[in-house]
Amino acid sequence: MNEIPHEKPYHLDPEDWAAFRRLAHRALDLAIEDLESIRERPVWVETPDWVKDRLVSPIPRQGKGLEAVLEDFYQLIQPYGVGNRHPCFMGWAHGAGTAVGIVAEMLAAGLNLNCGGRNHIGVELERRLAAGLAAQFGFPASADGIFVTGTSQANFIGVLAARRAALGEPLRERGLSGAPLTAYASAEAHGCVAQALEMAGLGRNALRSIVCDSQGRIRPDLLREAIRADRKSGMTPFLIVGTAGTVNFGAFDPLDELASIAADEGLWLHVDGAFGALAIFSDALRPLLSGVERADSIGFDFHKWAHVPYDCGFILARDGDSLRETFSAPAAYLSRAKKGLASGETWACDLGPDLSRGFRALKVWMTLQSYGTESLGAAMDANCAAARHLAALVNKSDLFRLAAPAPLNIVCFTTERPEGNRALVEALHLEGAAAPSLTLIDGNPVIRCALFNHRTEIADVDIFFAKAEALARQLIAYECSG
Ligand SMILES: *Cc1c(COP(=O)(O)O)cnc(C)c1O
């Protein structure tokens, strides 16, 4: 018999606020302690099977309350993260987070704003940040943009805006109608660029992959040739994607030259600056971005080199109307009032595909206000110095050699036998000693250290490298004996 439980409140607020307050304060204390003591623990610990099995089975019908859930969190969740906060995490391109970020996420959750639109502080803060970012990148006052999950999404939006600019208003009603659009990016462009073309209905083959120079930068002469050849065969070139900071080596395409080609050819220039664009905060690195001010759009991440907690990407367009023309839709339930909560000329949902969206602006604002661009830029410079130190260690070592140029904060190196690289990286992960990643260069796996962490010091690089050398020696001894 189903009885309605009258005595239970139907709302979800705590019955005992004082008890909740104690639990919540303790949770914050423990989160801070966890970050403060990050060096004392392994970089990574594999999630054991018993933990996986205890996670959710089945979805509970009756809750057990926050106190018990927090115990589960410390046992089942907290120890088994990706490791990116640790100074010896050197894989992929991950941000390290900050103490300010912990507080910012908590405060944003407290407010629980929906920043898709309407007239409130979350929307206003995002619009002001967009204007501030536009100024950083030398964009005009017409620029506009929004927070998105990450640069994969930002690049996709850039492709959609370029596609709308190429095909005009009819695209919105009729779709592509077989338009033979082609886009251009370097062979070192991130995989999400091809995926963006695929998602835009153009297919991966619409992306022309342009050969790079020895430093991993797009060859502008070959780019011009490819555009010319496509025009000759009846295609419609519409987009160049330049990369500011390639994921393999940290190379910057010559953006100024790309902007000139885009201008000559009437193409859209989108810059994938996932981690590299915010190098605009560093006096030393800023010259690498020369020409970015001429781009039509830039995609970049705050969650990488600016260490804002995941997730936090941004798409900035030099002409905000290009985004409005791509996305804004006249839904009755989104209509604007002249005054009050439903007022406001531009809502975030006019500039991108998301309607409901969180308050990513708060953690960015708190990060920028707390640290300032100078500290963020200095942390980037320190990563580049640590990478130069690592490259020098590699050059001096008789066990390793550099596998690629290391112009920025990413160092790719290899043992004499590339097959050993995989085993070495896996051993480092399993020991929890360090977390470099692997990438392929000319089809061979190489060890890749991407130094993005503001906690990584030269001493950490030394510890990592000593460990890697010891393991490499062990592997050689093992191979010789086997
Ligand atoms: C990380 C990265 C991306 C993808 O960004 P996400 O935020 O992970 O979606 C795209 N391009 C480059 C160059 C990257 O480094």
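Scroll up a little and you will see the structure.
Our subject in this report is the structure included herewith. (Residues numbered from 1 in each chain as written. Predicted model: local features only at pLDDT ≥ 70, side-chain atom pairs only at ≥ 80, totals over all residues. Heavy atoms only, no water.)

Another point: the site of the ligand. Surrounding the ligand, one finds 13 residues, the nearest of these being Ser152, Asp272, Asp301, His303 and Lys304. One of the side-chain nitrogen or oxygen atoms of Asp272 is found 2.7 Å away from a nitrogen atom of the ligand. Between the ligand and the protein, one listed contact pairs an oxygen atom with a side-chain N or O atom of Asp301 at 2.6 Å. A total of 380 Å² of accessible area belongs to the ligand in isolation, and the protein chains cover 86% of it. The class makeup of the residues in the shell around the ligand is four nonpolar, six polar and three charged. (Near = heavy atom within 4 Å. Polar contact = N/O pair within 3.5 Å; in protein donor to acceptor, adjacent residues only side chain to side chain. Areas by Shrake-Rupley, 256 points an atom, 1.4 Å probe, with all protein chains shown as cover. Nonpolar A, V, L, I, M, F, W, Y, C, P; charged D, E, K, R; others polar.)

Overall, the coordinates contain 15 aromatic pairs when judged by the stated rule. Taking 5.3 Å as the distance between ring centres and 50° as the angle between the ring planes, the aromatic pair formed by Phe137 and Phe300 counts as tilted. Remark: Phe300 occurs in strand S7 (residues 297-301) and Phe137 occurs in the loop between helix H5 (121-136) and strand S2 (144-148); sequence separation between them is 163 residues. There is no split in this pair, since Phe137 and Phe300 are both buried. With 5.9 Å between their ring centres and 50° between their planes, Phe147 and Phe302 make a pair best called tilted. In this pair, Phe147 is assigned in strand S2 and Phe302 in the loop between S7 and strand S8 (313-317), connecting sequence segments 155 residues apart. There is no split in this pair, since Phe147 and Phe302 are both buried. Ring pairs connect the aromatic residues Phe137, Phe147, Phe300, Phe302 and Phe314, which therefore count as one cluster. Seen from the ring of Trp347, Arg118 lies directly overhead, with NZ or CZ sitting 5.5 Å from the centre. (Phe/Tyr/Trp six-rings, centres within 6.5 Å; stacked < 30°, edge-to-face > 60°. Helix = DSSP H or I, 4+ residues; strand = E, 2+ residues; numbered from the N terminus. Buried < 20%, exposed > 50% of the residue type's maximum accessible area, 1.4 Å probe, protein only. Lys NZ or Arg CZ within 6 Å of the ring centre and 35° of its normal.)

So, on to the packing of helix H4 (residues 99-111) against helix H12 (residues 360-396). One way to put it is that H4 packs onto H12 with a least axis distance of 9 Å and a crossing angle of 145°. When the axes of H4 and H12 are compared, the crossing they make is right-handed. Within the contact between the two elements, H4 uses Ala99, Val100, Val103, Ala104, Glu105, Leu107 and Ala108 and H12 uses Leu362, Lys363, Met366, Thr367, Ser370 and Tyr371. Its residues assigned to classes, the contact of H4 with H12 comprises nine nonpolar, two polar and two charged. (Axes fitted to C-alpha atoms, helices over the stretch in contact; angles between N-to-C directions. Left-handed = near helix turned anticlockwise from the far one by under 90°. Contact = heavy atoms within 4.5 Å.)

Right, let's talk about a negative patch on the surface for a bit. The grouping of Asp29, Glu33, Glu36 and Glu40 at the surface amounts to a negative patch. In this structure, Glu40 sits in the loop between helix H1 (17-36) and helix H2 (49-55). (Patch = residues over 30% accessible without salt bridge, like charges linked within 9 Å, V, L, I, M, F, W, Y side chains within 5 Å. Salt bridge = Lys/Arg side-chain N within 4 Å of Asp/Glu carboxyl O. Lys, Arg positive; Asp, Glu negative; His and termini not counted. Charge placed at Lys NZ, Arg CZ, Asp CG, Glu CD.)

This part is about the pattern of salt bridges. Using the criterion set out here, one finds 27 salt bridges in the structure. When salt bridges that share partners are traced, they join Arg127, Asp144, Asp321 and Arg324 into one network.

Turning next to H5. Since the α-helix turns once every 3.6 residues, residues separated by three or four places project in the same direction. Over its 16 residues, H5 runs 22 Å from end to end, which matches the ideal 22 Å to within 8%, given 1.5 Å per residue. Taken together, the buried positions of H5 are occupied by Gly122, Val123, Leu125, Glu126, Leu129, Ala130, Leu133 and Ala134. Looking at the packing, one finds that the buried side of H5 touches S2, S7, S8 and H12. Downstream of H5 by one or two residues, Gly138 has phi in the positive range, about 75°. (Expected span 1.5 Å × (residues − 1).)

Direction of pairing for strand S3 (residues 181-186) relative to strand S4 (residues 207-210): parallel, over a ladder of four bridges. Following the sheet pairing, Ala185 is matched in S4 by Ser209. Handedness of the S3-helix H8 (residues 191-199)-S4 crossover: right-handed. (Pairing = 2+ DSSP bridges. Right-handed = clockwise from strand over helix to strand, strands pointing away.)

What follows concerns the environment of Arg318. With respect to the element layout, Arg318 can be found in the loop between S8 and helix H11 (320-327). For Arg318, a relative accessible area of 24% gives the class partly exposed. Considering only alpha carbons, one finds Arg318 and Ala295, 23 residues apart in sequence, at a separation of 7.1 Å.

Before going further, it helps to spend a moment on the pairing of S8. One face of the sheet, then the other: side chains in a regular strand alternate in exactly this way. Within S8, five of the five residues are buried, which leaves the element mostly enclosed by the surrounding structure. Residues Gly313, Ile315 and Ala317 of S8 are buried on one face, and the alternating residues Phe314 and Leu316, pointing to the opposite face, are buried as well. Strand direction decides the pairing type here: S2 and S8, joined by five bridges, are antiparallel. Note that in S8 the partner of Gly145 across the bridge is Leu316. Relative to S8, S7 is paired through five bridges, and the arrangement is antiparallel. Within S8, the position partnered with Gly299 by the bridge is Ile315.

Turning to helix H14 (residues 458-481), a few remarks are in order. A rise of 1.5 Å per residue sets the reference length of H14, with its 24 residues, at 34 Å; its end C-alpha atoms lie 35 Å apart and thus fit the reference within 8%. Along H14, the residues that are buried comprise Asp460, Val461, Phe464, Phe465, Ala468, Glu469, Leu471 and Ala472.

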